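Structural overview for review
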Amino acid sequence: MWGIIATWRMAVEGITKAKEELESGGDAGNAIETAIREVEDFPYYKSVGYGGLPNEEMEVELDAAFMDGNTLSIGAVAAIKDFANPVSIAKRLAKEKVNNVLVAEGAEKFAHKEGFERKNMLTDRAKIHYRKRVKELSQEIKPYSGHDTVGMVCLDQSGKMTAATSTSGLFMKKKGRVGDSPIAGSGFYADSEVGGASATGLGEDLMKGCISYEIVRLMKEGMHPQLACETAVNHLHAELTKRRGEAGDLSVIAMNNQGEWGVATNIEGFSFAVATQKEAPTVYLTKNVDGHCIHEVASQEWLDNYMRTRMAPLEE
Ligand code: ASP
């Protein structure tokens, strides 16, 4: 059995590429890297990699992580600038015995020494979004809206599982701000003996529940990935609401080592993409109805509209 599941519609081209590798017996580490790089390289996805939205100082600072569920090795970079594929740097760091998580200049120095591709990740389109947001801020628009992390979990035919993430984090974040995405247990977790999970939404809140580890822990107790995702999201949403009066966006995906998957969210319109030995690459939309998440295959109209809006010309 093989499978790959990912947050958001933007992942579908990537998981379609990964499918080719997984079908022919490829490794879950390489397949997930292929899939995430595809998202990082596409300039019209404005929350990951090239074209990602900048921080308050108009710099694109990226976070990414990789975990090998066989060895539990983890690698991550945070607030890294000017490198094309943060996920590959994270995957390389996972091979180290120590110094697995590097930030800012330290991460850049390592990436340079290892020969990773340098690239100015700030596009003209992202600059337009930035200038528009600066204008909007004087009109009381929420400063941080406009962020989506690509997070994936992958299972290969040998039974190896991996998890990985890549993101530009919150639009207009403070310089140096790090979200959940490069934090093990919060943005991602994988254990080949159980399964893996990954999250997207408000990093500051996702971290409060170590939500990816929590989902894997619930699967280890015997829960199906769907129930594990719903239990973790509903619980964290309720706790945050009780203790703080509100909960940020929380969306999660998970797969177990049998290729069964689950998804949960506390927002409207969370999309995700999945491909397994039994299921061609498919985009779904999900919604939470009284604690249960109902997934519907995205219509052609929705898919067409998605690409149209992503690629529409931007006016200043
Ligand atoms: N979780 C990411 C962060 O807080 C953003 C997102 O997934 O939308 O950096």
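This text goes with the structure placed above it.
Described in the following lines is the structure provided in the data block. Here the structure is a predicted model, which is why all the values come from computation and not from measurement.

**A few points about the overall build of the protein**
Scanning the protein from terminus to terminus reveals 9 helices and 13 strands. In terms of C-alpha radius of gyration, the protein reaches 18 Å, essentially the compact-globule figure of 20 Å for 316 residues. Its C-alpha atoms give the protein principal-axis dimensions of about 50 × 50 × 40 Å. Of the contacts formed within the protein by residues at least 6 apart in sequence, a portion of 65% connects residues at least 24 apart. As displayed, the protein offers around 13600 Å² of accessible surface, 50% of which is attributable to carbon and sulfur atoms. Computed over 36 positive and 46 negative side-chain charges, the separation of the two mean positions in the protein equals 4 Å.

**Some remarks on the packing of helix H2 (residues 28-41) against helix H3 (residues 86-93)**
Contact geometry for H2 and H3: axes closest at 8 Å, N-to-C directions at 155 degrees. Between H2 and H3, the angle is such that the two are roughly antiparallel. Contacts between H2 and H3 involve Gly 29, Asn 30, Glu 33, Ile 36, Arg 37 and Glu 40 from the first element and Pro 86, Val 87, Ser 88 and Lys 91 from the second. In terms of residue class, the contact of H2 with H3 is built from 3 nonpolar, 3 polar and 4 charged.

**Re the sheet that holds strand E10 (residues 261-265)**
Ordered in space as E7-E8-E9-E10, the 4 strands form an open sheet in which the pairing is antiparallel. A strand with exactly one partner marks an edge of an open sheet, and here the two such strands are strand E7 (188-191) and E10. Going from strand to strand, the sheet's axes swing by 10 degrees on average, the running direction of each strand aside. Where strand E8 (residues 195-201) lies against strand E9 (residues 250-256), 7 bridges are found, and the strand directions are antiparallel. Each residue of the ladder has a partner; that of Gly 195, found in E9, is Asn 256.

**Some details on the side chain of Gln 226**
Along the chain, Gln 226 falls in helix H8 (residues 225-244). Polar side-chain contacts of Gln 226 include one of 2.7 Å to the side chain of Glu 230. Discounting residues that sit within four places of it in the chain, Gln 226 has contacts with Trp 261, Gly 262, Val 263, Cys 293 and His 295.

**Quick word on the site of the ligand**
The local shell around the ligand consists of His 147, Asp 148, Thr 149, Gly 169, Arg 177, Gly 179, Asp 180, Ser 181, Thr 200, Gly 201 and Gly 203. The contact in question runs from an oxygen atom of the ligand to an N or O atom on the side chain of His 147, over 2.5 Å. Within the contact set of the ligand, an oxygen atom lies 2.6 Å away from a side-chain nitrogen or oxygen of Thr 200. Summarising the interface, the protein chains cover 100% of the accessible area of the ligand, which totals 270 Å² for the free molecule. Residues belonging to the shell around the ligand are distributed by class as follows: no nonpolar, 8 polar and 3 charged.

**Side note on the packing of aromatic side chains**
Counted by the stated rule, this structure contains 10 aromatic pairs. Measuring from centroid to centroid gives 4.8 Å for Trp 8 and Phe 270, while their planes differ by 80 degrees, and the two rings are edge-to-face. Highlighted residues: Trp 8 in the loop between strand E1 (3-7) and helix H1 (12-23) and Phe 270 in strand E11 (residues 270-276), separated in sequence by 262 residues. Judged on exposure class, the residue Trp 8 and its partner Phe 270 are both buried. Clustering of aromatic rings is evident, with ring pairs tying together Trp 8, Trp 261, Phe 270, Phe 272 and Tyr 284. For Lys 119, the ring lying beneath its charged end belongs to Tyr 50, and the centroid distance is 4.2 Å.

Conventions and cut-offs
Residues numbered from 1 in each chain as written. Predicted model: local features only at pLDDT ≥ 70, side-chain atom pairs only at ≥ 80, totals over all residues. Heavy atoms only, no water. Helix = DSSP H or I, 4+ residues; strand = E, 2+ residues; numbered from the N terminus. Rg over C-alpha atoms; globule rule 2.2 N^0.38 Å. Contact = heavy atoms within 4.5 Å. Areas by Shrake-Rupley, 256 points an atom, 1.4 Å probe, with all protein chains shown as cover. Lys, Arg positive; Asp, Glu negative; His and termini not counted. Charge placed at Lys NZ, Arg CZ, Asp CG, Glu CD. Axes fitted to C-alpha atoms, helices over the stretch in contact; angles between N-to-C directions. Parallel < 35°, antiparallel > 145°, perpendicular 65-115°, else oblique. Nonpolar A, V, L, I, M, F, W, Y, C, P; charged D, E, K, R; others polar. Pairing = 2+ DSSP bridges. Polar contact = N/O pair within 3.5 Å; in protein donor to acceptor, adjacent residues only side chain to side chain. Near = heavy atom within 4 Å. Phe/Tyr/Trp six-rings, centres within 6.5 Å; stacked < 30°, edge-to-face > 60°. Buried < 20%, exposed > 50% of the residue type's maximum accessible area, 1.4 Å probe, protein only. Lys NZ or Arg CZ within 6 Å of the ring centre and 35° of its normal.

Just geometry here; none of it tells us what the structure is for.
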